[in-house]
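This is what each chain is made of:
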Amino acid sequence: MKLLKNIIFIIAVLLLTTVGKTAKAFSNYSFLQMVAKQTDTAKKGKNDLKVVYKAKDSIYTDRKTKIMYLYGEARVIYQDFELNADYIRYDTENNTIFARGVKNKNGKYVGRPIFKTADQGTSIADSLSYNTKTGKGLVFGVFTEQQGGYFSGGQGKLQPDNEVHIKGQTFSTCNLPHPHFGIFISKGIATETQIITGPVYLKIEDIPIPPFFLPFAFFPKPNKKSSGFILPTPNQDATRGFSLNGGGYYMAFNDYFDGRLTGNIFTNGSYDLTFTSNYLRRYKYNGNVNLNYSSSRNGLEGTPGYKPLKNFNIGWTHSQNPMAKPGTTFTASVNAGTSDYFRTTGANQTYDIGKIASNTMSSSIAYGKVFGDGLFNFTGSLNHSQETQNKTITLTLPQISLNMATINPFDSKTRVDKQKWYQKVTVGYSLQASNMVSTKENLLFEKGGLKRFRNGFNHNIPVSLAFNLFQYFNFNANAGYNEKWYFQTINQRLIQMPGRGDSTAIDTVSGFKRAGEYNIGLNMSTKLYATKQFKNLGRIKAIRHVMTPTFNFNYKPDFSKSNFGYYKPLEYYTNDIRPGKSVRVEGQKPIVDYLGNERKYSIFDGAAFGGPSRGQQANLSFSVDNNVELKIKSKKDTTNGGEKKIPIIQGLTIGGSYNFAEPTKKKLSLLNFSGRSQFTDKLGFNFGGTLNPYAVEDYKTVTGTGANQITTINYRESDQYVWKSGKLPRLVSFNFSFDYSLNPAALKKKNENMEELRNRNSAARTPEQIAELEAISRDPNAFVDFNIPWNFAFSYSFSYSNALSRPETRTVSNTLNFNGDFALTPKWKIQFNSGYDFKAKDLSYTSFAIYRDLHCWDLSASWIPLGAYQSYSVTIKVKAAILQDLKLSKRKGYYTRY
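All residue numbers refer to positions counted from 1 along the written sequence of the respective chain. Per-residue local features of the predicted model are confined to residues with pLDDT of at least 70, and side-chain atom pairs are confined, for both listing and counting, to 80 or more; whole-chain, interface and lining totals are unaffected and use all residues. Only hydrogens and water are set aside; all other atoms, that is, all heavy atoms of the structure, feed into the side-chain values.

## Things to note about the overall build of the protein
Logical step 1: Secondary structure summary: the protein contains 6 helices and 52 strands in total.
Logical step 2: The burial tally for the protein puts 34% of its 898 residues in the buried class.
Logical step 3: Intrachain contacts of the protein at a sequence separation of at least 6 include 52% that bridge at least 24 residues.
Logical step 4: Working definition of accessibility: Shrake-Rupley area with a 1.4 Å probe, residue cover restricted to the visible protein chains. Counting only carbon and sulfur atoms, one obtains 57% of the accessible surface of the protein, whose full area is about 52,600 Å². Think of it this way: any DSSP run of H or I at least four residues long counts as a helix, any run of E at least two long counts as a strand, and we number them from the N terminus. In this scheme, a residue with accessible area under 20% of its type's maximum is buried, one over 50% is exposed, and one in between is partly exposed, where area comes from a 1.4 Å probe on protein chains only. Here a residue-residue contact requires only that any non-hydrogen atoms of the pair lie within 4.5 Å.

This is how it looks when you write it as C-alpha cells:
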C-alpha cells in the first residue's frame, strides 16, 4: 500500500509540472496548406491556367520584368486560391505572388492579405508569397481558424508535398489575432496525418507558464475516430489522499459504437472505475451505456472504517427512431445500483447535489407493438424502483399489457343511416400480467430470494352505452367484468399466544386459482351556464360561471360471501410449528370484530392485482366542477372587440360518494375539493383540501383503582353528521401553493436555450457535454445567460392537517423558496437558490454561484454554506470544448472529514 501511495504521489507531481491533459488539444490541429492543383501540361498549355486579377485604385505592369503591381483592394484568383490585399505583386515570369498590407495616414497597418482555398477556408496574414507553379509559399503573421481552434503569429512555409513547416506560431481557442492565451509552438512540421513539433509550452497574456512545457511532441491527425490513452488529472482529497482522476483509454470500435474506460485512484487504496459508451445508427436508434464501480476506504489503516465499501451503478438509455419500424417501439431508461454509490463517490467526483441528495432510482425497458390494423396494442416492460434511504428494491420482471380498442359489435361497417341505440354499445378488452418482488437490497440475491416474486394475470372487459336525454343530459350506462388468475394463494391461521395476544401464521398454497368480479353503473353529467353583464363597473364588462355536475352510480355485490370462495373465516389453530401438525381448534365460536361482523381474510391477500372487494357496494359518487372568468376591456387585445377574458377560478371541484349498502351509519365519504387559478402570466396558485362531514366526540378512559385511578378524556370521530348541530363540515386538510416570477422573459429565454440544447444531435456530444446538459436539466439555474440582466422567482407552499379538529392533532408547514440571478456588470453574473422553512425556523437548501466572462475563459465559483452538503468549488477554464481539460479548479466536497 505504501508503494502505491508513493507511485501515485510521484505521477501526480510530474503531471502537475508538465503539460498534463492540455496535449489533447493538438489532436484537432490542422494547418493551412495552399497547394496549387496539378495540371497535365503535356495536354494543356500554361495559358490554360488563367489568373484573374483586379484592383480598385490602380494596376501597373512592368513590361520589361513582366511584374504586375495592384493597389487598393486588390484581388487575385488562381484556380481555388483567392487572395485579397491592399498591395499585391504578381510576377508572371516566375509565377510568384506577393501580398501585404499598407500603412494609412495614421500609421496603422491595414489591408492585410486575406486568402482562402476550397478546403481550408479563410485566413489572414501580415504578408505572404506564393509560387503558383511549384506550390511553395511563405506566410508571416498568419491568423486562421482550423477545426474549432485558431493559429496566429509566426511563420509558415508551404511545401509542394503538402507539408507545412511552422515556426513561432500560437494555437488557441481565443478568437483574437493576439490571443489571451495559447500553446506556443517553437517549430514543427505538419502533414495530412501527423504533427511533429519541437519545444511547446503554454503562455497566458504572453507570459510563458514553465510547468506546462514539453521538449518535443508527436500528434497523429487521423481523419476518423481513433483509440488512445486519456491522461489523468492530479487531485487531492483530505479523506482519501492524493489522486489521479479521469485517466484511462478511449476505444473507437467503429463509426457507430465507441467506449471509454476511465478510473480514479487514491493513495488510501480507494478507486473508481467507469465505462461509458455511445452508439448511433442514423434514422434507426441511438443510446449510451454507463457502468460504474467503486471501492471506497474512509478510515485509517487498521481501523474498521478502512474496510472497503463496494458500490456500483448502471445507467443505460436507448431511443428508437419512430420511423425506423412504424408501429413498433423500444425504449430503455436504466438507473440502478447500490444505494450508497453517489454518496460515497461524490457522484463520481462531479459533486452533483441532485444525484447525491436523491433517494430514489428507477428503470424501465419497454417494447411496444401495434397490430391487427391498429386494433391491438401490446407493451412489455422490465421495471425497477429503488429507495436508497431504506434500501428497498422493487422489481417487475416482466410487466405485460395487451389492450384492445373499443369496438361496436352490433354496428355495421356498411351502415349509412343514423346509429340505432343498440349499435352504440361499445366493448373493450385489456390484459395485464405482472411478476413482481419487493424486498431489501441485501436479500434479493440470497438463497430463496427469487421465490418472493408475486405473479398473476388480470383480465378486464368493459361494456358501455352512451345516450342523451332532453338534449342537455349525457348518460352512460356501463358494466364491467374483471377476472384475475393466480398460481398461488394463502391460508391464515390464528394462534393464541398466552400473555402476548394472537399471532397470525400465513401459509402459501400452490395451485391455480381464479377470482372474478363484476359491477354495473350509470353516469350522468350536464353543464349549467350563468352570465352577469355590467354596465357601470369600470373595465369589468361581465362575469361568467360554468358549472359541470356529474353523478355516477355503481353497484357491486359482496364477494366475501362463502359461496364465492374468495374469503375464509379466521380460525384458531394449535401452536405446533411442525409441518402439517397445526390443526384447527375444535368447538370454537366465530371470531368477530368490534361491530359483531365475522372476521374473514382474502386468500388473495398480497397478490399482484389483489382480490375481489369485500362488502356490498351501492355507491353514488358526485362532483361539481366550477369555472369562473371575467370579461374586461383591454386596449392591447383587439382581436375580440377590445375585450379580454381573465380566469378567476379554474377547475374548482368538490366531490364525494354515498354508499347506500354501508352497514354502519358512515355512508357518506369525505369531501375533497381542489382548484387553481392563473391571474396573470406571473402569478398563479393551486389549492386543495378535505372536508369531514362527521362530528368529533369525546370519551373517557379510566385506568388504575382507588387513589391511583386516573380518568383521561380522549377524542374520536363519531358517526353523527356535523350539520345536525348546525355546523359545516370540518376542514381536516388544506394545501395552498403559488409561484411568481418578476421577470417571465428570463424564464422564457432560459427554456428556449434549454430546448435548443436538447434538440442538438446527441451523438455529437462528448460524455462531459452530456453530463453538463443533464446537470442543467436538473437545475435550470445552472444555465448562465449574460444577455438577461436579472431574474427573480419565488414559490410558496402551505399545508394544514387536523384529523380531529383539536389543537393537539394539528400540524402546519409552510415553506418559501426563491431563486434568481442578476448581472453586476455585462461580464459578472451572480445566481442564488434558497428558501425558508417556517416550521423549522431555518433556511432550507441554499447555494450561491458567481460567473465571470473572461472572453475565451470563464470563471465560476459555487458555494453551499448550509446543511449536510456544505461544499464549495472554484474553477477557471477555457470555454471551447476542444480544450475542455485546460482548467484549474479547487473544490471541497461535503464528505471531506478534515
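## A closer look at the environment of Ser227
Logical step 1: Position of Ser227 relative to the elements: it lies in the loop between strand S18 (217-220) and strand S19 (228-230).
Logical step 2: Only 3.0 Å separates the side chain of Ser227 from the backbone nitrogen of Ala252, close enough to count as a polar contact. Under this definition, polar contacts are N or O atom pairs within 3.5 Å; protein pairs additionally need one hydrogen-donor-capable and one acceptor-capable atom, and for neighbouring residues in sequence, both atoms have to be side-chain atoms.

## Notes on the nonpolar core
Logical step 1: Definition of nonpolar core: a set of buried residues of the types Ala, Val, Leu, Ile, Met, Phe, Trp, Tyr and Cys, connected through side-chain atoms within 4.5 Å. In this structure, Leu83, Ile88, Phe115 and Val139 are the most contacted members of the largest nonpolar core, which totals 20 residues.
Logical step 2: Mapped onto this core, the elements with two or more residues apiece are strand S3 (67-78), strand S4 (81-91), strand S5 (96-100), strand S10 (127-131) and strand S11 (137-146).
Logical step 3: Beyond its immediate sequence surroundings of up to four residues, Ile88 is in contact with Met68, Tyr69, Leu70, Ala74, Arg75, Val76, Leu83, Ile97, Phe98 and Ala99.
Logical step 4: Counting 13 residues, the second largest nonpolar core, distinct from the first, contains Tyr486, Ala515, Tyr567 and Leu570.

## Considerations on the packing of aromatic side chains
Logical step 1: Think of it this way: a Phe, Tyr or Trp ring, Trp meaning its six-membered ring, pairs with another when their centres are within 6.5 Å, and the plane angle makes it stacked under 30 degrees, edge-to-face over 60, tilted otherwise. Counted under the stated rule, the structure contains 38 aromatic pairs.
Logical step 2: Seen in terms of ring centroids, Tyr658 and Phe660 are 5.0 Å apart; in terms of plane orientation they differ by 70 degrees. Their pairing is edge-to-face.
Logical step 3: Looking at Tyr658, the relative accessible area reads 26%, which means it is partly exposed.
Logical step 4: Judged by its relative accessible area of 48%, Phe660 falls in the partly exposed class.
Logical step 5: Any Lys NZ or Arg CZ that is within 6 Å of a ring centre and within 35 degrees of that ring's normal is treated as a charge sitting over the ring. Seen from the ring of Tyr715, Arg806 lies directly overhead, with NZ or CZ sitting 4.0 Å from the centre.

## A look at the pattern of salt bridges
Logical step 1: Whenever Lys or Arg places a side-chain nitrogen within 4 Å of a carboxyl oxygen from Asp or Glu, that contact is recorded as a salt bridge. Overall, the coordinates contain 21 salt bridges when judged by the stated rule.
Logical step 2: Among the ionic pairs, Asp853 bridges to Lys827, the shortest N-O distance being 3.7 Å. Of this pair, Asp853 sits in strand S49 (residues 847-854) while Lys827 is found in the loop between strand S46 (810-825) and strand S47 (828-837), placing the two residues 26 residues apart along the sequence.
Logical step 3: Overall, Asp853 belongs to the buried group, its relative accessible area being 12%.

## So, the pairing of strand S32 (residues 473-497)
Logical step 1: DSSP bridges decide pairing: two strands pair if at least two such bridges lie between them. Where strand S31 (residues 454-469) meets S32, 13 bridges bridge the pair, whose relative direction is antiparallel. Paired with Pro462 across the bridge in S32 is Gly480.
Logical step 2: Where S31 hands over to S32, the hairpin turn is made up of 3 residues, of which Phe470 adopts a positive phi near 55 degrees.
Logical step 3: Of the strand pairs in this sheet, S32 and strand S33 (residues 501-525) are connected by 23 bridges, and their pairing is antiparallel. Within S33, the position partnered with Gln496 by the bridge is Asp502.

## Quick look at the pairing of strand S13 (residues 164-172)
Logical step 1: Sheet analysis places strand S12 (residues 149-158) next to S13, joined by 7 bridges and oriented antiparallel. Of the residues in S13, the one forming a bridge with Lys157 is His165.
Logical step 2: In sequence, S12 turns back onto S13 through a hairpin of 5 residues, with Asn162 there showing a positive phi of about 70 degrees.
Logical step 3: Here S13 pairs with strand S14 (residues 181-190) via 7 bridges, running antiparallel.

## Let's talk about the side chain of Arg730
Logical step 1: Relative to the helices and strands, Arg730 is located in strand S44 (residues 730-741).
Logical step 2: Overall, the relative accessible area of 11% leaves Arg730 in the buried class.
Logical step 3: Here the side chain of Arg730 touches Tyr694 through a polar contact of 2.8 Å, landing on its backbone oxygen.
Logical step 4: With sequence-adjacent residues up to four places away left out, Arg730 is seen in contact with Thr690, Leu691, Asn692, Tyr694, Ala695, Val696, Glu717, Val722, Asn802, Ala803, Leu804 and Ser805.

## Quick look at the confidence of the model for the protein
Logical step 1: In this model, the protein carries an average pLDDT of 81, and 84% of its residues clear a pLDDT of 70 or more.
Logical step 2: A score from 0 to 100, pLDDT tells how confident the predictor is in each residue. At the low end of the mean pLDDT range in the protein sits helix H1 (residues 2-16), at 48; at the high end sits S31, at 94.
Logical step 3: With pLDDT under 50 throughout, residues 760-764 is counted as low confidence; its partners more than four residues away or in other chains account for 4 contacts.

## Some words on the state of the cysteines
Logical step 1: Any two cysteine sulfur atoms within 2.5 Å of one another count as a disulfide. Tallied over the full model, the rule gives 0 disulfides.
Logical step 2: In this structure Cys174 is not part of a disulfide, and its nearest cysteine sulfur, from Cys856, lies 3.4 Å away.
Logical step 3: Its relative accessible area of 1% is what places Cys174 among the buried residues.
Logical step 4: Among the residues examined, Cys856 registers a relative accessible area of 5% and is labelled buried.

## Observations regarding unusual backbone geometry
What is expected of a backbone is that most residues other than glycine have negative phi and most peptide bonds are trans.
Logical step 1: Cis geometry is adopted by the peptide bond preceding Pro398, which originates at Leu397 and carries an omega value of -5 degrees.
Logical step 2: Within the secondary structure, Pro398 sits in strand S29 (residues 392-407).
Logical step 3: Even without a glycine there, the phi angle at Asp206 is positive, about 65 degrees.
Logical step 4: Locating Asp206 in the fold gives a position in the loop between strand S16 (200-204) and strand S17 (207-214).
Logical step 5: The backbone phi angle of Asp373 is positive, close to 55 degrees, even though this residue is not glycine.
Logical step 6: You can see Asp373 is positioned in the loop between strand S27 (360-371) and strand S28 (376-387).

## Here's the deal with helix H2 (residues 341-349)
One full turn of an α-helix is made of 3.6 residues, so residues set three or four places apart face in the same direction.
Logical step 1: The buried fraction of H2 is high, at 7 of 9 residues.
Logical step 2: Restricting attention to buried positions, one finds in H2 the residues Tyr341, Phe342, Thr344, Thr345, Gly346, Ala347 and Gln349.

## Things to note about the environment of Gly684
Logical step 1: By secondary structure assignment, the location of Gly684 is in strand S41 (residues 683-692).
Logical step 2: Sequence spacing of Gly684 and Phe738 is 54 residues, and the spatial spacing of their C-alpha atoms is 5.7 Å.
Logical step 3: Setting aside residues no more than four positions away along its own chain, Gly684 makes contact with Ser677, Gln678, Ser737, Phe738 and Asp739.

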